[in-house]
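Chain and residue survey
In case you want the letters, here they are:
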Amino acid sequence: WMGENKWVQASQMLERIRPLVVALPSMSNLAMHVDLSLADCYARLGRHDLRMNALESVLERNQNSLDALLKLADAKAARGHHREALESYRAIEKAFKLALTRRRVSVMVPLIAKEPEELRDWTVVDELLAEMLKDKPNHVEANVLKMRILEQRGEDAAAAEILTRLDERYPESERVAM
């Protein structure tokens, strides 16, 4: 059902089998898979409280599950707990030696945007965007993200410049929906 985007049916089926696999220690890996799948269903259904519970169940069995840690941080961001999500991303980066720059930027923008205009400090976001574009200055996703952030900041001319550059670089037949 998940492959067919039938999230309600998939979650109901997973909820029925979960007690069976959780009860058997030999099924620990299957139980983690069921909880991760439930978390995905709950995310699609907007049930972030249940999503977080399912992910915490995975982490009770395996505190180093990168998949569960990332999804839990994403769930925090989805619930509007941006500072907690940012702390989680930083901890994951440190523990797993990963670069989660795009996720950090995505969490920081709403945090900064909530501040009164005179208190907004975009320095960290600018540094993260520069880091993303350092090795690949023509990376479409990073440039689109930068363009959207510039628009949010009211820097329409700079955003238009990026759009023009992307438009020139990528013919219409190759264009990614922006």
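Bear in mind the structure is a predicted one, so any value in this text is a computation, not a measurement.

What follows deals with the confidence of the model for the protein chain. Here the protein chain shows a mean pLDDT of 86. Residues at 70 or above account for 95%. Between the elements of the protein chain, mean pLDDT differs from a low of 78, seen in helix 6 (residues 101-114), to a high of 94, seen in helix 1 (residues 7-22).

Let's shift gears to the pattern of salt bridges. Scanning the entire structure with this criterion turns up 7 salt bridges. Its salt-bridge partner being Asp 40, residue Lys 71 comes within 2.8 Å of it at the nearest N-O pair. One end of the pair, Lys 71, is in helix 4 (residues 66-78); the other, Asp 40, is in helix 2 (residues 28-45), with 31 residues separating them in the sequence. With relative accessibility at 27%, the residue Asp 40 sits in the partly exposed group. The salt bridge partner of Lys 71 is Asp 67, with a shortest N-O separation of 3.7 Å. Linking Lys 71 with Asp 67, this pair stays in helix 4, spanning 4 residues, or about one helical turn. Using a relative accessible area of 17% as the deciding quantity, one classes Lys 71 as buried. It is possible to trace a salt-bridge network through shared partners that takes in Arg 18, Asp 35 and Arg 61.

As a further point, take the packing of helix 4 against helix 5 (residues 82-96). One way to put it is that helix 4 packs onto helix 5 with a least axis distance of 7 Å and a crossing angle of 160 degrees. With respect to their mutual orientation, helix 4 and helix 5 come out roughly antiparallel. When you trace helix 4 past helix 5, the crossing you get is left-handed. In this structure, helix 4 contributes Leu 66, Leu 69, Leu 70, Ala 73, Asp 74, Lys 76 and Ala 77 to the contact, and helix 5 contributes His 82, Glu 84, Ala 85, Ser 88, Tyr 89, Ile 92 and Phe 96. Of the residues contributing to the contact of helix 4 with helix 5, the split by class is 9 nonpolar, 2 polar and 3 charged.

Counting residues in each nonpolar core, the largest one holds 22 residues, and the members touching the most others are Tyr 89, Val 105, Val 125, Leu 129 and Ile 149. Going through the elements one at a time, helix 4, helix 5, helix 6, helix 7 (123-134) and helix 8 (140-152) are the ones with two or more residues in this core. Excluding its chain neighbours within four sequence positions, the residues that come into contact with Val 125 are Val 105, Met 108, Val 109, Ile 112 and Ile 149. Tyr 42, Val 58, Leu 59 and Ala 75 belong to the second-largest nonpolar core, a separate cluster that totals 20 residues.

A separate point is a nonpolar patch on the surface. Taken together, the side chains of Trp 1, Met 13, Ile 17 and Leu 20 make up a nonpolar region of the molecular surface, amounting to roughly 380 Å² of accessible area. Examined against the element boundaries, Ile 17 turns out to sit in helix 1. According to the relative accessible area criterion, Ile 17 is partly exposed, its value standing at 31%.

End to end, helix 1 covers 21 Å across 16 residues, agreeing with the expected 22 Å (1.5 Å per residue, within 8%). For helix 1, the principal kink sits at Arg 16 and spans about 30 degrees; a proline, Pro 19, occurs within the next four residues. Trp 7, Ala 10, Ser 11, Leu 14 and Val 21 are the residues of helix 1 that are buried.

Time to look at helix 4. Compared with the 18 Å implied by 1.5 Å per residue over 13 residues, the 18 Å span of helix 4 between its first and last C-alpha is a close match. Within helix 4, burial applies to Ala 68, Leu 70, Lys 71, Leu 72, Ala 73, Ala 75, Lys 76 and Ala 77. At its buried positions, helix 4 is contacted by helix 2, helix 3 (48-61), helix 5 and helix 6. Remark: Gly 80 follows helix 4 within two positions and exhibits a positive phi of approximately 90 degrees.

Rules used throughout
Residues numbered from 1 in each chain as written. Predicted model: local features only at pLDDT ≥ 70, side-chain atom pairs only at ≥ 80, totals over all residues. Heavy atoms only, no water. pLDDT = per-residue confidence, 0-100. Helix = DSSP H or I, 4+ residues; strand = E, 2+ residues; numbered from the N terminus. Salt bridge = Lys/Arg side-chain N within 4 Å of Asp/Glu carboxyl O. Buried < 20%, exposed > 50% of the residue type's maximum accessible area, 1.4 Å probe, protein only. Axes fitted to C-alpha atoms, helices over the stretch in contact; angles between N-to-C directions. Parallel < 35°, antiparallel > 145°, perpendicular 65-115°, else oblique. Left-handed = near helix turned anticlockwise from the far one by under 90°. Contact = heavy atoms within 4.5 Å. Nonpolar A, V, L, I, M, F, W, Y, C, P; charged D, E, K, R; others polar. Core = buried A, V, L, I, M, F, W, Y, C linked by side-chain atoms within 4.5 Å. Patch = residues over 30% accessible without salt bridge, like charges linked within 9 Å, V, L, I, M, F, W, Y side chains within 5 Å. Areas by Shrake-Rupley, 256 points an atom, 1.4 Å probe, with all protein chains shown as cover. Expected span 1.5 Å × (residues − 1). Bend = angle between axes of the 7 residues up to and from the residue.

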